[in-house]
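Breakdown of the fold
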Amino acid sequence: MNNNLYTLITGASEGFGRALALECARRGMNLVLVALPGPELHSLSQFIQKNFAVKVIAIEKDLSIAGNCVELFKNVTTLNLKVNILINNAGIGNTHLFSDGSISFYQKQVQLNVMATTLLTRLFLDSLEKNGPSYILNVGSLCSFFFLAKKQVYGATKSFIYFFSKSLRNELAGSNVHVSVICPGGMNTNLSVTMVNKKMSWLSQLAVMNPENVAPIAIDGLLRQKEVIIPGRINKLFLLLNTVIPAYLKKMIANHQMKQLNSMSPANNRTLLQPSFAVTYPANIKPLIN
Ligand SMILES: NC(=O)c1ccc[n+]([C@@H]2O[C@H](COP(=O)([O-])OP(=O)(O)OC[C@H]3O[C@@H](n4cnc5c(N)ncnc54)[C@H](OP(=O)(O)O)[C@@H]3O)[C@@H](O)[C@H]2O)c1
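Residues numbered from 1 in each chain as written. Predicted model: local features only at pLDDT ≥ 70, side-chain atom pairs only at ≥ 80, totals over all residues. Heavy atoms only, no water.

1. Here we look at the pairing of strand E5 (residues 134–139)
- With six of six residues buried, E5 is to be regarded as a mostly interior element.
- Residues Ser134, Ile136 and Asn138 point to one face of E5 and Tyr135, Leu137 and Val139 to the other, with burial holding for every one of them.
- Sheet analysis places strand E4 (residues 82–88) next to E5, joined by four bridges and oriented parallel. Within E5, the residue paired with Leu86 across the bridge is Ile136.
- Remark: the E4/helix H4 (residues 103–130)/E5 crossover connection has right-handed handedness.
- The sheet contact formed by E5 and strand E6 (residues 177–182) spans six bridges and is parallel. Looking at E6, one finds that Leu137 is bridged to Ser180.
- Following the chain from E5 across helix H5 (residues 152–171) to the adjacent parallel E6, one finds a crossover that is right-handed. (Buried < 20%, exposed > 50% of the residue type's maximum accessible area, 1.4 Å probe, protein only. Helix = DSSP H or I, 4+ residues; strand = E, 2+ residues; numbered from the N terminus. Pairing = 2+ DSSP bridges. Right-handed = clockwise from strand over helix to strand, strands pointing away.)

This is the structure in structure tokens:
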């Protein structure tokens with residue numbers, strides 16, 4: 001590894017970002033770790049500095065604020081850090097009905113999942129080109145490929161990440177910047193996600209992975225310039241089924257599910273959308289895929 005180059009990871013203090021940071025440190029990569037202000041970021045960077053022969057810079061930023069993405073870029077430039085790997089990992093999920101989320105929640109979710117990834121990629125692109133060969137890893141999700149109740153906005157932001165990454169990769173083909181997108185299924189990252197994963201259907205639970213097992217797959221795939229990285233056999237199977245099941249059959253399954261939901265007692269159901277064109281869902285809908 002070139003000792004003057006850095007890997008920048010957003011959302012690095014916890015969960016998948018933390019696992020990616022440790023994996024990169026193991027591979028001798030210097031790190032710029034970014035997360036919300038808090039002690040976890042600093043304890044992780046101290047741990048890495050103590051245990052691995054790499055340089056670590058911790059930068060606290062709320063990346064859901066566009067100006068902070070610009071500030072982060074300025075901080076990195078002022079410190080004269082040469083970034084050759086950008087990992088856009090920070091993201092917020094949701095597992096609730098659309099009508100249960102507040103305007104401010106959706107604003108933050110779209111700002112962080114979509115805008116921060118777009119802005120940081122644009123801001124760092126010129127330096128990535130200068131420091132090449134360079135790599136961009138965008139963290140999507142398996143749910144980019146499915147239409148899931150209770151994950152509507154999250155799934156849509158991850159579809160954005162998927163299409164953005166693939167388009168940018170095409171645009172940069174032949175340059176020295178390689179773009180990959182990773183679409184993990186459920187991972188036991190923070191406590192609340194782990195609790196949600198435990199309530200999923202048995203099939204989905206089988207697909208859940210630990211971030212420590214996904215991180216090496218992510219970095220291997222990135223350095224091998226893989227376009228789309230799908231960790232885990234069961235997740236690959238989900239995707240295959242999605243492509244081979246004909247559309248009319250998927251519609252029949254969805255209609256059947258809706259009939260079942262509608263036949264349930266109203267006491268168990270929750271109202272989605274406006275009452276004038278209400279569709280009812282039970283409170284305990286189990287998402288198939290994260
Ligand atoms: N967990 C899953 O099942 C799963 C599945 C597929 C894809 N993913 C994707 O994987 C990525 C990481 O998810 P995770 O489950 O590891 O999340 P997590 O455990 O909640 O960790 C999120 C990280 O992002 C940071 N962060 C949150 N809001 C931020 C903000 N406004 N500005 C800067 N940093 C912020 C957090 O910092 P603090 O610790 O300081 O709050 C933390 O380091 C996300 O993009 C997620 O969509 C997760």
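2. Some thoughts on the site of the ligand
- Around the ligand lies a shell of 29 residues, among which Ser13, Asp62, Asn89, Tyr154 and Thr189 are the nearest.
- One nitrogen or oxygen atom from the main chain of Lys61 is found 3.4 Å from a nitrogen atom belonging to the ligand.
- A distance of 2.6 Å separates an oxygen atom of the ligand from a polar atom in the side chain of Tyr154.
- For the ligand, the protein covers 90% of the area, taking 900 Å² as the surface of the free molecule.
- Elements represented by at least two residues in the shell around the ligand include exactly helix H1 (15–26) and H5.
- Tallied by class, the residues present in the shell around the ligand amount to twelve nonpolar, 13 polar and four charged. (Near = heavy atom within 4 Å. Polar contact = N/O pair within 3.5 Å; in protein donor to acceptor, adjacent residues only side chain to side chain. Areas by Shrake-Rupley, 256 points an atom, 1.4 Å probe, with all protein chains shown as cover. Nonpolar A, V, L, I, M, F, W, Y, C, P; charged D, E, K, R; others polar.)

3. Let's talk about the nonpolar core
- Judged by nonpolar contacts, the single largest core of 33 residues is most densely connected at Ile9, Phe16, Leu31, Leu33 and Ile48.
- Listing elements by their share of this core, those giving two or more residues are H1, strand E2 (30–35), helix H2 (39–51), E4, E5 and helix H8 (211–223).
- Not counting residues within four places of it along the chain, the set of residues in contact with Leu31 comprises Tyr6, Thr7, Ile9, Ala21, Cys24, Ala25, Ile48, Lys55, Val56 and Ile57.
- By size, the runner-up hydrophobic cluster in this structure holds 25 residues, among which are Val34, Val76, Ala90 and Ile136. (Core = buried A, V, L, I, M, F, W, Y, C linked by side-chain atoms within 4.5 Å. Contact = heavy atoms within 4.5 Å.)

4. Describing H1
- A rise of 1.5 Å per residue sets the reference length of H1, with its twelve residues, at 16 Å; its end C-alpha atoms lie 17 Å apart and thus fit the reference within 8%.
- In terms of burial, H1 is a largely internal element, nine of the twelve residues being buried.
- Gly28 sits one or two positions beyond H1 and adopts a positive phi of about 80°. (Expected span 1.5 Å × (residues − 1).)

5. Quick look at the state of the cysteines
- Tallied over the full model, the rule gives zero disulfides.
- No disulfide involves Cys143; its sulfur sits 9.1 Å from that of Cys183, the nearest cysteine. (Disulfide = S-S within 2.5 Å.)

6. Here's the deal with unusual backbone geometry
- Each neighbour pair has its own omega, and for Gly132 with Pro133 the value is 5°, a cis peptide bond.
- With respect to the secondary-structure elements, Pro133 resides in the loop between H4 and E5.

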